[in-house]
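Geometric and topological summary
Take a look at the letters that make up each chain.
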Amino acid sequence: MSAIHVHAPLLHGFGVRYDLPISLALYLYAAAGVVVVSFVMVALFAGDRVGDRAISYPRREVGWLTRIARTPCPRAIGGIVGVLGLLAIVATGLLGSQAPTRNPAEYLTWIYFWAALVILSGLVGNLWTLVNPWAALYDISLGRRRARPPRSLPEGLGIWPAAVAYFLFAAFELASGVSNRPWLVATLAVVYTVVTLAGMAIYGRDEWLTHAEGFTVLFVLVSRFGPVEAERDAGGSIVRVYLRPWGVGLLNPVRTGWDTVTFVILTLSTLAFDGLIATPAWQQFQGDLLVLLAPLGALAQPVVRVIGMLLLSVTFLLVFTAFTRMVIFFGSRRVDQMETITAFALTLVPIALVYNAAHNYSYLVVQSQGLIPLLADPFAKGWHLLPTQTYVPSFALAGASMVWYMQIVLIVLGHVVAVYLAHLRAGERFQTAQRALLSQYPMLLLMVMYTMTSLWILAQPITREG
Amino acid sequence: MIGSAVRAIRWRALWPVAAGLVGCQAGHLLVYRLRFGAHAGAVQGAGVHAYFPQLATTTFAVAGMAVVAGLGVIGAARVAGGRCRGAAPARPPVIELVAALFTLQLALFALQEALESAASGAPLEPVVLLYGAACQLPVALLGAGALSLFLTRFEQAVERLGELAARPWTGLRPAERGEPAPLDVLGLAAQRLAGGLASRGPPPIVR
């Protein structure tokens, strides 16, 4: 996305920077204070929830949602929307204007799909399962005569292929420097479509989607936060649909392993890296390394950024592992370490979601409107398909101060939810209120540090100390 | 509760802490090397950073002596009790060691830099933390690999020496030596004679 703003001044741009009325450090301390207070509140009011009671939650069946979900309509409508979206990206990317701000492919890919759909799936539930265009194309072409797949993915591969796919996509967005070229976005969409369809044909639809298709794994993960829960039978058909409180779905069992932990960490680290590259510190670091890598020529910058993304991801993973190890140590109860590390990793998902929302806030409320005038002339051929050509995006919700305060609220909220979920998980793992409380001090420290770091990163491009 | 948790810390957990202290200084050196290249030596020994060369030298010297002492213990156990043939004890998981070392090194590095900034009156440059992460990582990886190998052998050696020390002392006794085989002088002479004098001299190809 950073590459886009080279050519598209609106993206990530806020015009005049916001003069903070007080020192940035005070904001950071205040945010950290809120997280600490929330820890105390959780310990006071939910501290006695231990064992299985800690991770059980209320849910209510919603009859009308169940009836709708059991019809083929949602999948059919969602599939049509998804396939049309994919076609629009490919067609406008290849045939439309090559200026990123004048091409719908850029808006559809980076704002509506990558930012908005992820957040929406976290807020509502797994919408991707409805709009996944590759699953729809596969179902249309092979669904009726679906045979046993000729091959199966190796046991133990887990979701590593999906993690690699996710990392590559993030690297394309953040490190390549060419993600603002519509023709390339369209070409890669075609290539990914071919790879995904081939993978589903060879290894089986669900096998491929749940292990190797990075977006499906991502949406399954974030939708655990959402309030809609579908109960399925052995054949995968929906039996009942429930509503539950936000976030508690992350307490449900999950596949255990470093692959899951790494995937969760990648969702955090790639977002943090997106924010980090806008900071003066990164610019200086990158500048120094570019001098060292000058022999690589034009490849030097992408290489430095990929190294930076890897470095940040490894840093996040190792620091999280060290803190979770401390959690287990202070929990003073013999537990399966891998299972525990994975279970605590899921409690970070709310942070990834809110960070996504905070980081992309201006995209969502301002830049997303840029698509409206393009609907009248998506291929830049001088057409007037709709009377929207003269639409001017509204900045009503995107003043720099508004953005800053929204980001503070979102970041603090995400960390408070994470603290709450981690406490419940500790109650389940360590069985007594005392042990659960003691185990959570390292996690609290991690949350406080992460809150302050996240806000510091987000503050760099939009604020100025007054 | 906290007391019981603290008591539960095994001495084994102290090794990564010690390694983290040493590794942090090694990473610190790397940071300066990466940032300032050939001028690193001059920069890191000046101003509020003047203490650093002394600290690094002392830390590495102490670490070196500890490693030599540890190797001495391992060697002593082998000399006294022979090579251990039993199953090797479980190594600590390397990823957890890397995580512990890296986190500790990064935290110490950040603390050290923050204190230096406070002493100089200048704000901490955030870019230093990026350099810190980049340079502490390879040190942590190497340190964890080495520590994993060393810890296993060292603990095994200490255990072996402990077992030997617990045995009753039977006094010194001469080393066991087998009787030397008698020299077969006649057989040797017969071999020589059978080969004949023709076998002496340069090889056939040059004859």
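Residues numbered from 1 in each chain as written. Chains lettered and ligands numbered in written order. Predicted model: local features only at pLDDT ≥ 70, side-chain atom pairs only at ≥ 80, totals over all residues. Heavy atoms only, no water.

**Details of the pattern of salt bridges**
Residue and element names in this part refer to chain A. Rules: Salt bridges are defined as contacts in which a side-chain nitrogen from Lys or Arg sits within 4 Å of a carboxyl oxygen from Asp or Glu.
Counted by the stated rule, this structure contains 16 salt bridges over all chains. In this structure, the salt-bridge partner of Arg205 is Asp206, at a minimum N-O distance of 2.7 Å. Within the structure, one salt-bridge network assembled from shared partners comprises Arg59, Glu61, Glu229, Glu231, Arg240 and Arg244.

**Concerning empty space enclosed by the protein**
Residue and element names in this part refer to chain A. Rule in force here: Cavity means a closed set of points on a 1 Å grid over the protein atoms alone, one where a 1.4 Å probe fits but cannot get out, pocket means an open set with protein on both sides within 12 Å along at least 5 of 7 lines, and lining means a residue has an atom within 4 Å of a point. Grid points are joined across faces, edges and corners, and a volume is the space filled by probe spheres set on the points. Per the convention used, a helix needs a DSSP run of H or I reaching at least four residues, while a strand needs a run of E reaching at least two, with both numbered from the N terminus. Lys, Arg, Asp and Glu make up the charged group, whereas Ala, Val, Leu, Ile, Met, Phe, Trp, Tyr, Cys and Pro make up the nonpolar group; the residues left over, Gly among them, are polar.
Enumeration according to the criterion identifies two cavities of 30 Å³ or more in this entry. The calculated volume of the largest cavity comes to roughly 200 Å³. In terms of lining, the largest cavity is formed by 20 residues, of which the most central are Trp114, Tyr166, Thr267, Leu271 and Asn356. If you list the elements that add at least two residues to the lining of the largest cavity, you get helix 6 (104-123), helix 9 (160-174), helix 12 (214-223), helix 13 (258-276) and helix 17 (349-359). Among the elements that line the lining of the largest cavity, the one with the most residues is helix 17, at five residues. Class assignment for the residues of the lining of the largest cavity results in 13 nonpolar, five polar and two charged.

**Re a nonpolar patch on the surface**
Residues and elements named next belong to chain A. Filter applied, for reference: Residues form patches when they are more than 30% accessible in relative terms and have no salt bridge. Like charges link within 9 Å. Nonpolar side chains (Val, Leu, Ile, Met, Phe, Trp, Tyr) link within 5 Å. Each accessible area is a Shrake-Rupley result for a 1.4 Å probe, and residues are judged covered by the shown protein chains and nothing else. Only protein chains enter the area calculation, which uses a 1.4 Å probe; residues under 20% of their type maximum are buried, those over 50% are exposed, and those in between are partly exposed.
Together, Val36, Val37, Val40, Met41, Leu44 and Phe45 line one region of the surface with nonpolar side chains, adding up to about 600 Å² of accessible area. Position of Phe45 relative to the elements: it lies in helix 2 (residues 24-46). For Phe45, a relative accessible area of 66% corresponds to the exposed category.

**Some details on the nonpolar core**
Selection rule: For our purposes a nonpolar core is just a set of buried Ala, Val, Leu, Ile, Met, Phe, Trp, Tyr and Cys residues, chained together by side-chain atoms within 4.5 Å. Between two residues, a contact is recorded if the distance between any of their heavy atoms is within 4.5 Å.
Counting residues in each nonpolar core, the largest one holds 145 residues, and the members touching the most others are A:Phe263, A:Phe320 and A:Trp404. The contact partners of A:Phe263, leaving out residues within four places of it in the chain, are A:Ile159, A:Ala162, A:Ala163, A:Tyr166, A:Gly214, A:Val217, A:Leu218 and A:Leu221.

**Topic: the pairing of strand 4 (residues 238-243) of chain A**
When a strand is regular, its side chains alternate between the sheet's two faces. All names here are of chain A. Just so we agree on the cut-off: Two strands pair under a simple rule: DSSP has to find at least two bridges between them.
Pairing of strand 2 (residues 60-61) with strand 4 involves two bridges; the strand directions are antiparallel. The partner of Glu61 across the bridge, within strand 4, is Tyr242. For strand 3 (residues 228-232) and strand 4, the ladder comprises five bridges, and the chain directions are antiparallel. Pairing of Val228 across the sheet is with Leu243, part of strand 4. Where strand 3 folds back on strand 4, the antiparallel hairpin that results is connected by five residues, among which Gly236 adopts a positive phi of roughly 95°.

**Notes on the interface of chain A and chain B**
It is common to give the size of an interface as the accessible area lost on bringing the parts into contact. For clarity, the cut-off: The term buried area denotes the loss of accessible surface (1.4 Å probe radius) that occurs when two parts are joined, taken as the sum for both partners. Two N or O atoms count as a polar contact when they lie within 3.5 Å, although within protein this holds only if one can serve as hydrogen donor and the other as acceptor, and sequence-adjacent residues are included solely when both atoms are side-chain atoms.
Across the contact, 25 residues belong to chain A and 23 residues belong to chain B. For the pair chain A and chain B, the summed buried surface comes to about 2000 Å²; carbon and sulfur atoms form 81% of the total. Three residues stand out in chain A for area buried against chain B, namely A:Phe285, A:Leu311 and A:Leu318, and they jointly supply 25% of the buried area on that side. Residues B:Glu96 and A:Arg325 are paired through a salt bridge, measuring 2.7 Å at the closest nitrogen-oxygen approach. Where chain A packs against chain B, one counts two residue pairs in polar contact (both at pLDDT 80 or more). When residues of the side of chain A that touches chain B are traced back to their parent elements, those giving at least two are helix 13, helix 14 (280-292), helix 15 (300-331) and helix 21 (433-462) of chain A. Top element by residues in the side of chain A that touches chain B is helix 15 of chain A. It accounts for eleven residues.

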